[in-house]
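Listed below are the residues making up each chain.
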Amino acid sequence: MIEFTFWDILRNLLLATRWTIVLSLIAFVGGATVGLLLTFMRLSSNRWLQRLTSLYVDLFQGTPLLMQLFLIFFGAAAMGHPISAWLAASIALTLFTSAFLCDIWRGCLEAVAKGQWHAARVLGMNYFQTMRHVILPQALRLSIPPTVGFSVQVIKGTALASIIGFVELTKAGTMLNNATFEPFTIFALVALLYFALCYPLSCYARYLEKKLYDAGLR
Amino acid sequence: MGPTLDFLTLLPYVSELLKGLTTTVILTVVTTLTGLALAVAVAYLRVNAQPWVRWGLGGYVEVTRNTPFIVQLFFIFFGLPGLGIKIDAITAAFIAMTLNLAAYSAEILRAGISATAKGQLEAGRALGMTTLQSYRHIVLVPAFARVYPALISQSIIVMLGSAVVSQISVFDLTYAANFIQSRNFRSFEVYLLITLVYLLLAFGMRRSFMLVGKRVFAYQQGEQR
């Protein structure tokens, strides 16, 4: 049997942290892209498009992320196209992230005072000009703190990919635990590594929030 | 196996599904109550206690909010026995869910509490209320009313997150699903059904919370947005 020293454990966990980071980035970038699309669908004047987007958001916010993962992972296999844990986790986390970001961003766009729409229209701006020059710049400022804050949820969400067998930080922890029987040390280290990833983002989000507040925008 | 759905294969497993549903509902109801109660205590102590207590509680809140629930669960279930504290799976699930909900809710409540004007508390004291009375009626209840929607959402997030307790072999809804699909190999149907049940649970939870809120915070309707 191979003996694991503390440094072996830490080294293995750090190596696995890479995949947590990569998966988080995929989910965040993918989720932001899909989320942006959804936000504009939600804002369109087509009522069906609006309803469809709300339904999408409600479905993803009202069901466990674990079930979304299972449905995609096992669903693809049941349809005769088995996919890897990598792909399933990327898709599930992207969709999950997009629903939450769509909700956050819609809130930010709606937080820009209605009177500004009217004012821009009176000035002769069309819809796109109003969006581009009046609404979006303000909404963008409002949206940054909650978006950074949500990235913490994305990182934590990637831990569930371990359940379908994707070897990231949490899975590496359970595997090392099975080999070394030192659960206390290992899960404390795993928690510490997640904390090291998430806490700076949480602090940054809080700092940005405070800056907006001090600027009188909130 | 072609892309056909067959929900009839789930029929022989109704009792497992009900068992899982019962566990998830009980876990959720109990931990929502214990979690929110603990949150009130934490929120109060984070403002009023000795500096070292505040510091410690701040650490607990930040660690809980910045690590995944599944890791917290594994730490409690697998890690604590290493220190000689042995607990069974369902107790570990209770503890993890309570601590998780309490950390987030304490932070939400703190925002509501800090919105209370100082003068109001002094006015309460001047009216002859005891410290506890004035804290309860002037600070706590209005703060609860103010942040109630956020607390509803957080409790629902914890309920949905409880799907993970199946990983330490608690027989909840997700465990029932895993159990059934290992028997009938109809994973997609099982998970689709279970997902729908979670969706209904989330919906039901929101409705019941709102009904309770309407009664409890009735006299504060004017103050709310």
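Residues numbered from 1 in each chain as written. Chains lettered and ligands numbered in written order. Predicted model: local features only at pLDDT ≥ 70, side-chain atom pairs only at ≥ 80, totals over all residues.

Another point: the overall build of chain B. Along the backbone of chain B there are 8 helices and 0 strands. In terms of principal-axis extent, the alpha carbons of chain B reach across some 75 × 45 × 25 Å. When the 225 residues of chain B are sorted by exposure, 42% land in the buried category. Excluding contacts between residues fewer than 6 apart, the proportion of contacts in chain B whose partners are at least 24 apart in sequence is 77%. (Helix = DSSP H or I, 4+ residues; strand = E, 2+ residues; numbered from the N terminus. Buried ≥ 20, exposed ≤ 12 C-beta atoms within 10 Å, placed from the backbone. Contact = placed C-beta atoms within 7 Å.)

The helix and strand tally for chain A stands at 8 helices and 0 strands. Going residue by residue from the N terminus, the α and β elements of chain A occur as α-α-α-α-α-α-α-α. Reported as C-alpha extents along the three principal axes, the dimensions of chain A are approximately 80 × 50 × 25 Å. The buried share among the 218 residues of chain A stands at 39%. Across chain A, every contact between residues at least 6 apart in sequence was considered, and the portion connecting residues at least 24 apart equals 77%.

All right, on to the environment of Thr5(A) then. Topologically, Thr5(A) is positioned in the segment before helix 1 (6-43). Through-space distance from the C-alpha of Thr5(A) to that of Thr180(A) is 9.3 Å; in sequence the pair is 175 residues apart.

Here the focus is the environment of Met175(A). Residues and elements named next belong to chain A. The residue methionine 175 is located in helix 7 (residues 169-180) in this model. Residue classification places methionine 175 among the partly exposed positions, given that 15 C-beta atoms sit within 10 Å. Counting along the chain gives 134 residues from methionine 175 to methionine 41, while the straight-line C-alpha distance between them is 43 Å.

This next bit is on the UniProt feature "domain: ABC transmembrane type-1" (unreviewed entry) in chain B. When the UniProt feature table is mapped to this numbering, "domain: ABC transmembrane type-1" (unreviewed entry) covers residues 21-209 of chain B. Across residues 21-209 of chain B, helical content stands at 82% and strand content at 0%; the span's end C-alpha atoms are separated by 19 Å. (UniProt positions renumbered as here; feature names shortened; annotations may be inferred.)

One finds Leu66(A), Leu69(A), Val190(A), Val71(B), Leu73(B), Ala93(B) and Tyr191(B) to be the most contacted residues of the largest nonpolar core, which totals 111 residues. In terms of residue count, the dominant contributor to this core is helix 4 (residues 89-114) of chain B (14 residues). Beyond its immediate sequence surroundings of up to four residues, Leu66(A) is in contact with Leu160(A), Ile163(A), Ala163(B), Val164(B) and Thr174(B). (Core = buried A, V, L, I, M, F, W, Y, C linked by C-beta atoms within 7 Å.)

Contacts between chain A and chain B engage 30 residues on the former and 33 residues on the latter. At the level of secondary structure, the elements contributing two or more residues to the side of chain A that touches chain B comprise helix 3 (65-78), helix 6 (127-157), helix 7 and helix 8 (183-214) of chain A.

All right, on to the UniProt feature "transmembrane region" (unreviewed entry) in chain B then. When the UniProt feature table is mapped onto this chain numbering, "transmembrane region" (unreviewed entry) sits at residues 20-45 and 188-205 of chain B. The annotated region residues 188-205 of chain B carries 100% helix and 0% strand content, and the separation between its end C-alpha atoms amounts to 25 Å.

Residue and element names in this part refer to chain A. Summarizing the sequence annotation, UniProt attributes the feature "transmembrane region" (unreviewed entry) to residues 20-43, 55-77, 83-105, 148-166 and 186-208 in the numbering used throughout. Between the end C-alpha atoms of residues 55-77 there is a gap of 25 Å, over a span that is 87% helix and 0% strand. Secondary structure content for residues 83-105 is 91% helix and 0% strand, while the C-alpha to C-alpha distance between its ends is 31 Å.

Time to look at the confidence of the model for chain B. Of all residues in chain B, 96% have pLDDT values of 70 or greater, and the mean over the chain is 90. In the predicted complex, the global pTM is 0.91; the interface-specific ipTM is 0.91. (pLDDT = per-residue confidence, 0-100.)

Turning our eyes to something else, we now look at the packing of helix 4 (residues 85-111) of chain A against helix 6 of chain A. Residue and element names in this part refer to chain A. Where helix 4 meets helix 6, the closest approach of the two axes is 9 Å, and the angle between their N-to-C directions is 150 degrees. With respect to helix 6, the element helix 4 is oriented roughly antiparallel. As helix 4 runs across helix 6, the sense of the crossing is right-handed. Across the interface between the two elements, Leu93, Phe96, Thr97, Phe100, Leu101, Ile104, Trp105, Cys108, Leu109 and Ala111 of helix 4 pack against Ile135, Ala139, Leu142, Ser143, Pro146, Thr147, Phe150, Val154 and Gly157 of helix 6. Among the residues forming the contact of helix 4 with helix 6, the class breakdown is 15 nonpolar, 4 polar and no charged. (Axes fitted to C-alpha atoms, helices over the stretch in contact; angles between N-to-C directions. Parallel < 35°, antiparallel > 145°, perpendicular 65-115°, else oblique. Left-handed = near helix turned anticlockwise from the far one by under 90°. Nonpolar A, V, L, I, M, F, W, Y, C, P; charged D, E, K, R; others polar.)

The next thing to look at is unusual backbone geometry. Positioned with a positive phi, Phe181(A) is a non-glycine residue whose angle comes to about 55 degrees. Residue position: Phe181(A) is located in the loop between helix 7 and helix 8. Phi is positive for Ser169(B), close to 65 degrees, though the residue is something other than glycine. Mapped onto the elements, Ser169(B) comes out in the loop between helix 6 (131-161) and helix 7 (173-184). Among the residues examined, Ser169(B) registers 14 C-beta atoms within 10 Å and is labelled partly exposed.

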